[in-house]
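# What the coordinates show
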Amino acid sequence: ANANVVIIGGGTAGATAAKYLKLADPSINITLIEKNAHYYTCYMSNEVLGGGRTLDSLKFGYAGLEKRGITVVQAEVTAIDAVAKSVQTTAGNFPYDRCIVAPGIDYRYETIENYSADVAQQIPHAWKAGEQTTLLRSQLEAMPNGGTFVMVAPPNPYRCPPAPYERASQVASYFKKHKPNSKVLILDPKTSFTKQSLFEEGWMQLYGYGNNDSMIEWASGGSNAVVSLDTATKTVTTAGGERIAANVLNIIPAQKAGALAFSAGLTDSSGWCPVAVASFESTLHDNIHVIGDACIANPLPKSGFAANSEAKACALAVAALLNGREPGRTSFSNGCYSLVGDDYAISVVGIYRLSADGKMIEAVPNSGGTSPLAAAEEERLIDVQYAYSWYNNFTQDVFF
Ligand code: FAD
């Protein structure tokens, strides 16, 4: 009989895995189980906050994958029985020979007193694109000129390392045009972040960063970690004892693997899923592979680009294993554009490979890099065009 592969989560990693597994071996029966009818990409969702794009422009469905012969089931996965090799869902049970799990992330709300999934309905994290993105945008629109947008940045590791700083940039870009007396304050437990000097250079050029009247302020280090919240007044208290009131408050909490990874016993004490990176098979359960933000694939970041790269490697490995072959030696890539202003983007690229023993992922020496500091205006503008073109190509690669 043909092999059955059940893929859980139709996000960036799961959708890519479904497509590329079908391409690798069309004889495999592939069932993709996703709880939502549509997927909204987080990539470019900061542009919705800046006003340059609608949420609807980030929406994708599953008809493209269905056309390829993949069975897409809209249901919530409630458990995985790793012994019986069966996935339990709100729409029945699905037996598998191999299972690929890609549930994305969840939040450690408990790290901030009084923050919770319920409170996030009014004080959004907007770290999964959708309703909360729209809510945060409407709060920014309703904010008076002269107000303060406070963003609480998460500790490492978290989904999309540059995204909080791109978000700060997009909000500043909106303020500059519509609410020029307003401020963006980033409260950050970290002391550094990715592409920092490029972001800071962009903020200096566009938003007066470093001056007294800078539109963006970055308060960094452990004393600026937010420890509690007063929801009624949108006031946060930092570890250093400071109380800061916001007009619009965006709390991006510490993160962990998606809930299903925990209930399926796929996480370790870090709260993420350990895998053998040559195949992304869980080191805790045989025949279950974990990809995307939920898995530990350092030094690959938790990005959509990396999730797509992991999904392709995993799909090829699963096809090989189901056909009695050893997985081949794949390489990985990551690339990320950050939109700092309307005509101003910066980027980073990384190329990775399996280590000689096949047990780790390592950066390929002398590969990758970032866009240069002190670049000409046209270079920043070209990166904006590359960003949009990446988005269009990438979403085609994932969903069609
Ligand atoms: P997801 O895409 O979140 O997919 C998980 C899926 O699993 C979801 O569809 C969910 O509904 C489903 N699911 C979960 N549990 C269950 C269950 N029990 N049953 C059924 N379905 C379930 N990355 C980039 O590469 N470039 C960028 O420019 C970029 N910008 C970003 C900007 C922001 C603001 C944010 C927040 C992220 C950004 N990212 C970017 C990161 C990117 O969105 C994630 O890394 C990527 O989505 C990870 O893919 P995933 O498949 O692991 O998780």
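Structural data are supplied above this passage.
All of the points below concern the structure found in this document. (Residues numbered from 1 in each chain as written. Predicted model: local features only at pLDDT ≥ 70, side-chain atom pairs only at ≥ 80, totals over all residues. Heavy atoms only, no water.)

## Re a negative patch on the surface
Going by this rule: Think of a patch as exposed residues, more than 30% relative accessible area, with no salt bridge, where like charges cluster within 9 Å and nonpolar side chains (Val, Leu, Ile, Met, Phe, Trp, Tyr) cluster within 5 Å. In these tables, accessible area is a Shrake-Rupley quantity obtained with a 1.4 Å probe, and a residue counts as shielded only by the protein chains included in the view. Each salt bridge in this description consists of a side-chain nitrogen of Lys or Arg and a carboxyl oxygen of Asp or Glu lying within 4 Å of one another. Neither His nor the chain termini are counted; the positive set is Lys and Arg, and the negative set is Asp and Glu. To locate a charge, take atom NZ for lysine, CZ for arginine, CG for aspartate or CD for glutamate. A run of DSSP states H or I qualifies as a helix once it reaches four residues; a run of E qualifies as a strand once it reaches two. Both are numbered from the N-terminal end.
Side chains of Asp-343, Glu-377, Glu-378 and Glu-379 sit close together on the surface and give a patch of like negative charge. Note that Glu-379 resides in helix H9 (residues 377–399).

## Focus on the site of the ligand
Quick note on the threshold: The near set for a molecule or strand comprises every residue that places at least one heavy atom within 4 Å of it. Under the rule applied, a polar contact is a pair of N or O atoms within 3.5 Å (in protein, one hydrogen donor and one hydrogen acceptor; residues adjacent in sequence only if both atoms are side-chain atoms). We call Asp, Glu, Lys and Arg charged. Ala, Val, Leu, Ile, Met, Phe, Trp, Tyr, Cys and Pro are nonpolar, and the rest, Gly among them, are polar.
Around the ligand, a shell composed of 31 residues is seen, among which Ala-13, Glu-34, Tyr-39, Arg-159 and Phe-305 lie nearest. Between the ligand and Tyr-39 there is a distance of 2.4 Å, counted from an oxygen atom to a side-chain nitrogen or oxygen. One nitrogen or oxygen atom from the main chain of Val-77 is found 2.9 Å from a nitrogen atom belonging to the ligand. With the chains in place, 95% of the 1,000 Å² that the ligand exposes on its own is no longer accessible. Counting residues per element, the shell around the ligand draws most heavily on helix H8 (residues 304–322), which supplies 3 residues. A class-by-class count of the residues in the shell around the ligand yields 14 nonpolar, 10 polar and 7 charged.

## Re unusual backbone geometry
Glycine aside, residues mostly have negative phi, and peptide bonds are mostly found in the trans state. Heads up, the condition is: Remark: exposure states derive from per-residue accessible area (1.4 Å probe, protein chains only) relative to the maximum for the residue type, with buried under 20%, exposed over 50%, and partly exposed in between.
Of the consecutive residues Asn-156 and Pro-157, the connecting peptide bond is found in the cis state with omega at -10°. Considering the arrangement of structural elements, one finds Pro-157 in the loop between strand E11 (148–152) and helix H5 (163–178). With an omega of 0°, the peptide bond running from Asn-298 to Pro-299 counts as cis. Its identity as a non-glycine residue notwithstanding, Met-44 has a phi of 75°, on the positive side. Assessed through its relative accessible area of 8%, Met-44 is described here as buried. Residues other than glycine seldom take positive phi values, yet Ala-374 does so here, at roughly 55°.

## Focus: the environment of Val-318
The criterion, for reference: In what follows, a contact means two residues having at least one pair of non-hydrogen atoms within 4.5 Å.
By the element assignment, Val-318 lies in helix H8. Along the chain, Val-318 and Asp-213 lie 105 residues apart, while their C-alpha atoms are 55 Å from each other. Those residues in contact with Val-318, other than ones at most four positions away along the chain, are Val-5, Leu-21, Arg-98, Ile-100 and His-289.

## Let's talk about the pattern of salt bridges
Applying the stated criterion to the full structure yields 10 salt bridges. Between Lys-312 and Asp-397 there is a salt bridge, and its shortest N-O distance comes to 2.8 Å. Taken together, the residues Lys-312 in helix H8 and Asp-397 in helix H9 connect sequence positions 85 residues apart. Glu-362 serves as the salt-bridge partner of Arg-353, at 2.8 Å between the closest nitrogen and oxygen. Residue Glu-362 is classed as partly exposed on the basis of its relative accessible area of 28%. Members of the salt-bridge network, linked through shared partners, are Lys-19, Lys-312 and Asp-397.

## As for the packing of aromatic side chains
For the record, the criterion: Pairing of aromatic side chains here covers Phe, Tyr and the six-membered ring of Trp, requires ring centres within 6.5 Å, and sorts the geometry by plane angle: under 30 degrees stacked, over 60 edge-to-face, intermediate tilted. Here, a charge over a ring is recorded when the distance from Lys NZ or Arg CZ to the ring centre is within 6 Å and its angle to the ring normal is within 35 degrees.
Under the definition given, this model contains 22 aromatic pairs. Judged by centre distance (5.4 Å) and plane angle (40°), the ring pair of Tyr-39 and Phe-399 falls under tilted. Separated by 360 residues along the polypeptide, Tyr-39 in strand E3 (residues 39–40) and Phe-399 in helix H9 bring together distant segments of the chain. Note on Tyr-39: relative accessible area 18%, which makes it buried. For Phe-399, a relative accessible area of 0% puts it in the buried group. Relative to Trp-390, the ring of Tyr-43 lies with its centre 5.5 Å away and its plane at 65°, an arrangement referred to as edge-to-face. A residue pair is termed long-range when its members are at least 10 positions apart, and Tyr-43 in the loop between E3 and helix H2 (45–50) and Trp-390 in helix H9 qualify at 347 residues. We note that Tyr-43, like Trp-390, is buried. By the ring-pair criterion, three or more aromatic residues cluster together here, those being Tyr-39, Tyr-43, Phe-60, Tyr-62, Phe-305, Trp-390, Tyr-391, Phe-394, Phe-399 and Phe-400. The ring of Tyr-391 is capped by Arg-53, whose NZ or CZ atom sits 5.0 Å from the centre of that ring.

## Some words on the sheet that holds strand E15 (residues 235–238)
Stated formally: Here, strands pair whenever DSSP counts at least two bridges between them. Only C-alpha atoms enter the line fits that serve as axes; for helices the fit covers just the stretch in contact. Angles between N-to-C directions range over 0 to 180 degrees.
Ordered by their spatial adjacency, 3 strands build an open sheet running E14-E15-E16, and the pairing between neighbours is antiparallel. Only two strands of the sheet have a single neighbouring strand rather than two, namely strand E14 (226–230) and strand E16 (243–245). Ignoring which end each strand starts from, the neighbouring axes of this sheet average 25° apart. Summarising the sheet, E15 and E16 pair through 3 bridges and their orientation is antiparallel. Within E16, the residue paired with Thr-237 across the bridge is Arg-243.

## Considering the pairing of strand E7 (residues 86–89)
Bridge count between strand E6 (residues 77–81) and E7: 4 bridges; the pairing is antiparallel. Considered in E7, the bridge of Ala-79 is made with Gln-88. Hairpin geometry of E7 and strand E8 (residues 92–95) is characterised by an intervening segment of 2 residues between the two adjacent antiparallel strands.

## Comments concerning the sheet that holds strand E12 (residues 183–188)
Strand order in the open sheet formed by 4 strands is E13-E12-E11-E17, with parallel pairing between adjacent strands. Edge positions in the sheet fall to strand E13 (216–220) and strand E17 (248–251), since each has one partner strand and no second. Ignoring which end each strand starts from, the neighbouring axes of this sheet average 15° apart. Relative to E17, E11 is paired through 4 bridges, and the arrangement is parallel. Across the sheet, the residue bridging to Val-150 is Leu-249, located in E17. Sitting on the sheet, helix H4 (residues 131–142) touches E11 and E17, and the angle it makes with E17 is about 155°.

## Observations concerning the pairing of E15
Residue alternation in E15 divides its side chains into two sets, Thr-235 and Thr-237 and Val-236 and Thr-238, and both sets are buried. Strand direction decides the pairing type here: E14 and E15, joined by 4 bridges, are antiparallel. Its bridge partner being in E15, Ser-228 is matched across the sheet by Thr-237. Hairpin connection of E14 to E15: 4 residues between the antiparallel strands, including Lys-234 at a positive phi of 50°. Between the antiparallel neighbours E15 and E16 lie 4 residues, among them Gly-241 with a positive phi of about 90°.

Scope: geometric values only; no functional claims are made or implied.
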